[in-house]
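# Structural features, examined
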Amino acid sequence: MAIPFSRTILSNGLHVLVHEDRTTPLAACTIVYRVGSRDEDKNCTGLAHLMEHFMFSGSDHAPDFDAVLQRVGALNNAYTSQDLTCYYIVLPANNIETALWLESDRMAALSFSQQGLDVQKQVVMEEFKETCLNQPYGDLMMQVYELSYQGHPYQWLPIGKELSHIEQVDMDIIRDFHRRFYCPANAILVVAGNVCADEIFAMAEKWFGDIPSGERNPHQYWKEHRPSYHRQKTVRKPIPDDMLFKSWLMPARTHADYCAYDLLSDILGTGQSSYLYRKFVSEERLFTDISASVAGSADPGLFFINGRPAEGVTIEQADQVLSKYLFDFQFDSKLSYDLQKVKNNAESIILERNLKVEDRANTLAMGEFYSRAEDFADERIGYFAVTEDDIRRITETMFRESCGNTLYYIKQ
């Protein structure tokens, strides 16, 4: 069922949503800023992610952010995507005002400490080394996105393109980034849990109402179109096994066909009963594993198929057979059964994802970010509406009428 909520918009542009749940002693405070790695300059990437870390360095009235939260029994975390930056706090409901105070203080009065910046830059650079440089396949997705987007800033991931971009960030850059994007007009505040909507609206006005509006991010980016030719790239790395990665441009998260693409990825490549696994792992033993997935995003995202060629099979052979199979692809008589199965699985995932108050707060915040929270308050509706004809149509469009991208990620 849909997540019920109330909404108000403060005079400074801050969107405030409240979901009341009297069955829990907890409350969640989620704040989303409409800024992600797509808002960075190509020569200064990783800045949105660094800003996320820097936001925990303290504010004028709460120099030790985590210490305050520990005193009120709270848990907190944050994440940065290509589209947005999200901060969330979960705590006993009777302490919810502490969360609103803290979030308002670091929006309006963040402490721009050089020591704090130096510490967070080091943390982010170590994370870059650990996740991208010092483990097998660490830069695989970086290579995929760089190949798949020619003009759109989705070319790079939130972690950034290279270490030097983080190293060069100074306090002036951080201040300007915070001023441009960390303001009420560019933010969404969601509170969910054992709270009263009217009381939360009053608290939001108390703590955020006097903060200058700022400007909402216009989200003006290069409009990526489906390529007119196939793009291919070979990367050689010290990895255990070769990896074949194929991608196609697909609609944005708000597009009417998004759910169909998501379900198609499950039909083709999720689990041992999927078409690709049965064909190429169980029957032909061309791959040791193969899967399909989607990247849902505010602008056109990507549909992926990736697999590890089996021993004795070259990556070129695996790609040739897979590409022909996809171009000639036909669903068998089980499509109706398979579609219903993946719909059931999607429903289960959605319901499980919204069990906790913090998850419901996140769902509402994402919905309000993409368009309106009411459009995403029950995501099952979009999946239930997908038909067999939709699945056949997008499959033919993507594999026969579109040019995709192919990455050979090969063992040195």
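Residues numbered from 1 in each chain as written. Predicted model: local features only at pLDDT ≥ 70, side-chain atom pairs only at ≥ 80, totals over all residues. Heavy atoms only, no water.

### Some thoughts on helix 11 (residues 315-327)
Its 13 residues give helix 11 an end-to-end C-alpha distance of 18 Å, which sits within 8% of 18 Å, the value for a rise of 1.5 Å per residue. Where helix 11 is concerned, the buried positions are I315, A318, D319, L322, Y325 and L326. Buried positions in helix 11, seen along its axis, are confined to an arc of 135 degrees and lie on one side of it. Opposite the packed face of helix 11, turned more than 90 degrees from it, sit the exposed residues Q320 and K324. (Helix = DSSP H or I, 4+ residues; strand = E, 2+ residues; numbered from the N terminus. Expected span 1.5 Å × (residues − 1). Buried < 20%, exposed > 50% of the residue type's maximum accessible area, 1.4 Å probe, protein only. Arc of directions from axis to C-beta.)

### Looking at unusual backbone geometry
Positioned with a positive phi, Y137 is a non-glycine residue whose angle comes to about 65 degrees. You can see Y137 is positioned in the loop between helix 4 (114-133) and helix 5 (140-148). On the basis of relative accessibility, which here comes to 17%, the residue Y137 falls in the buried class. Positive phi, normally seen in glycine, also occurs at R285, with a value near 55 degrees. Position of R285 among the secondary structure elements: in the loop between helix 10 (275-283) and strand 9 (287-295). Relative accessible area serves as the criterion here: at 61%, R285 is assigned to the exposed category.

### Regarding the packing of helix 9 (residues 258-269) against helix 16 (residues 388-401)
Contact pair helix 9 / helix 16: the axes reach a minimum separation of 10 Å and the direction vectors enclose 85 degrees. With respect to helix 16, the axis of helix 9 lies roughly perpendicular. Where helix 9 approaches helix 16, its residues A260, Y261, L263, L264, I267 and L268 are matched on the opposing element by D390, I391, I394, T395, M398 and F399. Among the residues forming the contact of helix 9 with helix 16, the class breakdown is 10 nonpolar, one polar and one charged. (Axes fitted to C-alpha atoms, helices over the stretch in contact; angles between N-to-C directions. Parallel < 35°, antiparallel > 145°, perpendicular 65-115°, else oblique. Contact = heavy atoms within 4.5 Å. Nonpolar A, V, L, I, M, F, W, Y, C, P; charged D, E, K, R; others polar.)

### Some details on the sheet that holds strand 9
The sheet built from five strands is open, its strands ordered 7-11-8-10-9 with mixed pairing. Among the strands making up the open sheet, the edge pair consists of strand 7 (231-237) and strand 9. On average, each strand axis in the sheet is tilted by 15 degrees relative to the strand beside it, whichever way the strands run. Across seven bridges, the pairing between strand 7 and strand 11 (residues 405-411) is parallel. (Pairing = 2+ DSSP bridges.)

### Observations regarding the nonpolar core
Ranked by size, the top nonpolar core spans 77 residues in total, and within it Y33, I96, I174, Y182, L189 and F208 carry the most contacts. The element contributing the most residues to this core is helix 8 (residues 197-208), with six residues. Non-local contacts of Y33, meaning those with residues more than four positions away in its chain, are made with M55, L84, T85, Y87, E103, M107, F181, Y182, C183, N186 and A187. (Core = buried A, V, L, I, M, F, W, Y, C linked by side-chain atoms within 4.5 Å.)

### Notes on the sheet that holds strand 6 (residues 187-193)
Sheet architecture is open: six strands sit in the order 1-2-6-3-5-4, paired in mixed fashion. The open sheet is flanked by strand 1 (6-9) and strand 4 (75-80), the only strands paired with a single partner. Averaged over all pairs of adjacent strands, the angle between strand axes in this sheet comes to 15 degrees, irrespective of strand direction. Of the pairings in the sheet, the one linking strand 4 to strand 5 (residues 85-92) comprises six bridges and is antiparallel in character. Following the sheet pairing, A78 is matched in strand 5 by Y87.

### Looking at the pattern of salt bridges
Within the structure shown, the criterion is met by 28 salt bridges. Close ionic contact of K246 with D319 constitutes a salt bridge, the shortest N to O distance being 2.8 Å. Within this pair, whereas K246 is found in strand 8 (residues 243-250), its partner D319 is found in helix 11, the two being separated by 73 residues in sequence. The same class applies to K246 as to D319, namely buried. For the salt bridge of R308 with D289, the shortest nitrogen-to-oxygen distance reads 3.3 Å. Remark: D289 occurs in strand 9 and R308 occurs in strand 10 (residues 301-309); sequence separation between them is 19 residues. R308 sits in the partly exposed class, given a relative accessible area of 23%. Look at the salt bridges and you will find they share partners, linking R7, E368, R372, E374 and D375 into a network. (Salt bridge = Lys/Arg side-chain N within 4 Å of Asp/Glu carboxyl O.)

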